[in-house]
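# Chains, contacts and geometry: an overview
One-letter residues, chain by chain:
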Amino acid sequence: MTLQCGIVGLPNVGKSTLFNCLSNARAQSANFPFCTIEPNVGVITVPDERLNKLAAIDNPKRVIPTTVEIVDIAGLVKGASKGEGLGNKFLANIRETDAIIHVLRCFDDDNITHVDGSVNPIRDKEIIDTELQLKDLETVESRIAKVEKMAKTGNDKKAVKTYELLTRYRDALLKGLSARTVEIDPLAKKEFLSDLFLLTDKPILYVCNVDEASVKTGNKYTQVVFEAVKSESAEVLIIGAGIEADISELESYDERQMFLSDLGLEEAGVAKLIKSAYRLLKLQTYFTTGADETRAWTFRDGMKAPQCAGIIHTDFERGFIRAEVIKYNDYISLGSEAACREVGKIAIEGKDYVVQDGDIMHFRFNV
């Protein structure tokens, strides 16, 4: 299951610096706009201590974590919805992602030029919001033009419902609100608007890029960001991209932990960001483990056993018979699959079982 988060923001807010910390890929990071012309893609390992604990029990030949793709997208400027700067390329790149990580500059530094001349994260946020909203409004109005006539005759019930939902989006966008602020039943959205793909309907994480002094408690800029996004279904994270860059240069785990300890931090900001991105995409993890391999598998919240089996191989879903499920805590406390089996801690689940985060799965199938 390949899922992407796109890192967006105005030029020179710290996007590429943050991307470089997240990935082994090295995007050019320079003090001028558009240094990232093509989207850089990094495959990011999702930190999960549970995988390590399972591997410590089974001592497998291979340990394979789950991953999320992060895309560093070229900086956007005012007028992008009309093709200004790299606008068309930016909008096409972001449309392909599953979620947005929006980096906001929340630090003062006279040595780093701001494209608009001053630090104001709310203005920066609104510039990108407006450009994405204008593009979404264009999409919605184009779709309305196709269904309005059929809806107003009243004979096509699907057209009537589609028109109603589209007008709700249009009303919000005309008010300068993002599509994600419109409350629409997910099932209705799937049935009537599954191919709409609005940019401002994507889940979003705002990353406040701060200086070292503000990384623990935030500052005046981060306070206004938290206040501004209250009405959105969004997460906000405070990160010092400069600090993260320093941490990423340290080779050993102990050195990195010592650096974090000196700053009074328990965990690197990039680890928090990756976990937040995982939650943003409504992703969870199940495990398979044994002598050959201990592996984490990504699945969407709410998926049933056959769908999760299909993540490993389509034949597993097609020929699904049942799933043997061990709860993570039982596996850790009892210390092996055999011990869990002996005390009846392996559940036999059928096609309707909704897989839970942390489940240890073994699928039975026949093709």
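An account of the accompanying structure is given in this report. Nothing here was measured: the structure is a model prediction, and the numbers come from that model.

Further remarks concern the overall build of the protein. Of the regular secondary structure elements, the protein holds 14 helices and twelve strands. Expressed as a percentage of the 367 residues in the protein, the buried residues total 49%. In the protein, the share of contacts with a sequence separation of at least 24, taken over all contacts with a separation of at least 6, comes to 70%. Here the protein displays about 18300 Å² of accessible surface, and carbon together with sulfur accounts for 48% of that area.

A large share of strand S1 (residues 4-8) lies buried, amounting to five of its five residues. Burial of the side chains of S1 extends over both faces: Gln4, Gly6 and Val8 are buried on one face and Cys5 and Ile7 on the other. Bridging between S1 and strand S4 (residues 67-72) involves four bridges; their strand directions are parallel. By the bridge assignment, Gln4 is partnered in S4 with Glu69. Bridge analysis of S1 against strand S5 (residues 99-105) gives four bridges, and the strand direction is parallel.

Together, Asp108, Asp110, Asp211, Glu212, Asp246 and Glu249 give the surface a local cluster of negative charge. Within the fold, Glu249 resides in helix H8 (residues 241-249).

Turning our eyes to something else, we now look at the sheet that holds S5. What the six strands build is an open sheet, ordered S2-S4-S1-S5-S6-S7; its pairing is mixed. Only two strands of the sheet have a single partner each, and these edge strands are strand S2 (40-45) and strand S7 (234-239). Each neighbouring strand pair of the sheet contributes to a mean axis angle of 25 degrees, computed without reference to strand direction. Where S2 lies against S4, six bridges are found, and the strand directions are antiparallel. Bridging from a neighbouring strand, Thr45 pairs with Thr67 of S4.

A few words now on the nonpolar core. Ranked by internal contacts, the top residues of the largest apolar core, which has 56 residues, are Leu22, Ile70, Ile101 and Leu273. The element contributing the most residues to this core is helix H10 (residues 269-280), with six residues. Discounting chain neighbours no more than four positions away, the residues touching Ile70 are Cys5, Ile7, Phe19, Leu22, Asn40, Val41, Gly42, Ile44 and Ile101. Val147, Tyr169, Ala172 and Leu198 belong to the second largest nonpolar core, which has 20 residues in total.

Empty space within the largest pocket amounts to approximately 1300 Å³. In terms of lining, the largest pocket is formed by 30 residues, of which the most central are Pro186, Lys189, Asp201, Pro203 and Lys282. Breaking the lining of the largest pocket down by element, the ones donating at least two residues are helix H6 (186-192), S7 and H10. Class assignment of the residues belonging to the lining of the largest pocket gives a composition of 15 nonpolar, three polar and twelve charged. Reported here for the second largest pocket is a volume of approximately 870 Å³. Taken together, 28 residues form the lining of the second largest pocket, with Pro47, Arg256, Ala268, Val270 and Ala271 sitting closest to its centre. Only helix H1 (15-22), S2, helix H2 (49-58), H8, helix H9 (253-262) and H10 provide two or more residues apiece to the lining of the second largest pocket. Residue composition of the lining of the second largest pocket, grouped by class: 13 nonpolar, seven polar and eight charged.

With that settled, the discussion passes to the side chain of Thr162. Assignment of secondary structure puts Thr162 in helix H5 (residues 157-174). When neighbours within four sequence positions are excluded, Thr162 is seen to be in contact with Val147, Phe192 and Leu193.

With that settled, consider empty space enclosed by the protein. Over the atoms rolls a probe the size of a water molecule, and in doing so it shows where empty space is left. Within the structure shown, the criterion is met by one cavity of 30 Å³ or more. Its volume calculated, the largest cavity comes out at about 50 Å³. If you trace the largest cavity, you find it lined by Val8, Ile100, His102, Ile128, Asp129, Leu132, Ser178, Arg180, Thr200 and Ile204. When residues of the lining of the largest cavity are assigned to their parent elements, the largest contribution, three residues, is made by helix H4 (residues 121-153). Of the residues contributing to the lining of the largest cavity, the split by class is five nonpolar, three polar and two charged.

Within the element layout of this structure, Val46 appears in the loop between S2 and H2. Along the primary structure Val46 and Tyr278 are separated by 232 residues, whereas in three dimensions their C-alpha atoms are 7.8 Å apart. When near neighbours in sequence (up to four residues on either side) are disregarded, Val46 contacts Thr66, Thr67, Val68, Ile274 and Tyr278.

A word on the pattern of salt bridges. Across all of its chains, the model carries 21 salt bridges by this definition. Ionic pairing is found between Glu138 and Lys135, a salt bridge with its closest N-O pair at 3.5 Å. Residue Glu138 and its partner Lys135 are both found in helix H4; the two are separated by three residues, about one turn of the helix. Using a relative accessible area of 16% as the deciding quantity, one classes Lys135 as buried. The salt bridge involving Arg364 is made with Glu324; its shortest N-O contact spans 3.6 Å. With a gap of 40 residues between them, Arg364 in strand S12 (residues 360-365) and Glu324 in strand S10 (residues 320-326) connect regions that are remote in the sequence. Given a relative accessible area of 34%, Arg364 falls into the partly exposed group. Members of the salt-bridge network, linked through shared partners, are Glu324, Glu337, Arg341 and Arg364.

Thresholds, definitions, all that
Sequence positions are assigned chain by chain, starting from 1 and proceeding in written order. In view of the model being predicted, local features appear only for residues whose pLDDT reaches at least 70, and side-chain atom pairs are presented and counted only at 80 or more, with totals across whole chains, interfaces and linings using the full set of residues. To obtain the side-chain values, all non-hydrogen atoms of the structure were used and water was disregarded. Where helices and strands are cited, they refer to DSSP runs of H or I of at least four residues and of E of at least two residues respectively, numbered from the N terminus. The classification of residues rests on relative accessible area computed with a 1.4 Å probe and restricted to protein chains. Under 20% of the type maximum is buried, over 50% is exposed, and intermediate values are partly exposed. Pairs of residues are marked as contacts when any of their non-hydrogen atoms sit within 4.5 Å. What sets the accessible areas is the Shrake-Rupley method with a 1.4 Å probe; for residues, cover comes only from the shown protein chains. Paired strands are those between which DSSP finds at least two bridges. Within this analysis, patches are made of residues with over 30% relative accessible area and no salt bridge. Like charges are joined at 9 Å or less; nonpolar side chains (Val, Leu, Ile, Met, Phe, Trp, Tyr) at 5 Å or less. Just to be clear on terms, a salt bridge is a Lys or Arg side-chain nitrogen sitting within 4 Å of an Asp or Glu carboxyl oxygen. When charges are tallied, Lys and Arg are placed among the positive residues and Asp and Glu among the negative ones, while His and the ends of the chain are skipped. Taken as the charge centre is NZ of Lys, CZ of Arg, CG of Asp or CD of Glu, depending on the residue. Axis angles are defined between N-to-C directions and span 0 to 180 degrees, where every axis is a line fitted to C-alpha atoms and, for a helix, only to the segment in contact. Put simply, a nonpolar core is a bunch of buried Ala, Val, Leu, Ile, Met, Phe, Trp, Tyr and Cys residues held in one set by side-chain atoms that sit within 4.5 Å of each other. Every definition here rests on a 1 Å grid over the protein atoms only: cavities are sets of points where a 1.4 Å probe fits but cannot get out, pockets are open sets enclosed by protein on both sides within 12 Å along at least five of seven lines, and lining residues have some atom within 4 Å of a point. Grid points are joined across faces, edges and corners, and a volume is the space filled by probe spheres set on the points. Note that Gly is not counted as nonpolar here; it falls among the polar residues with everything else outside the nonpolar set of Ala, Val, Leu, Ile, Met, Phe, Trp, Tyr, Cys and Pro and the charged set of Asp, Glu, Lys and Arg.

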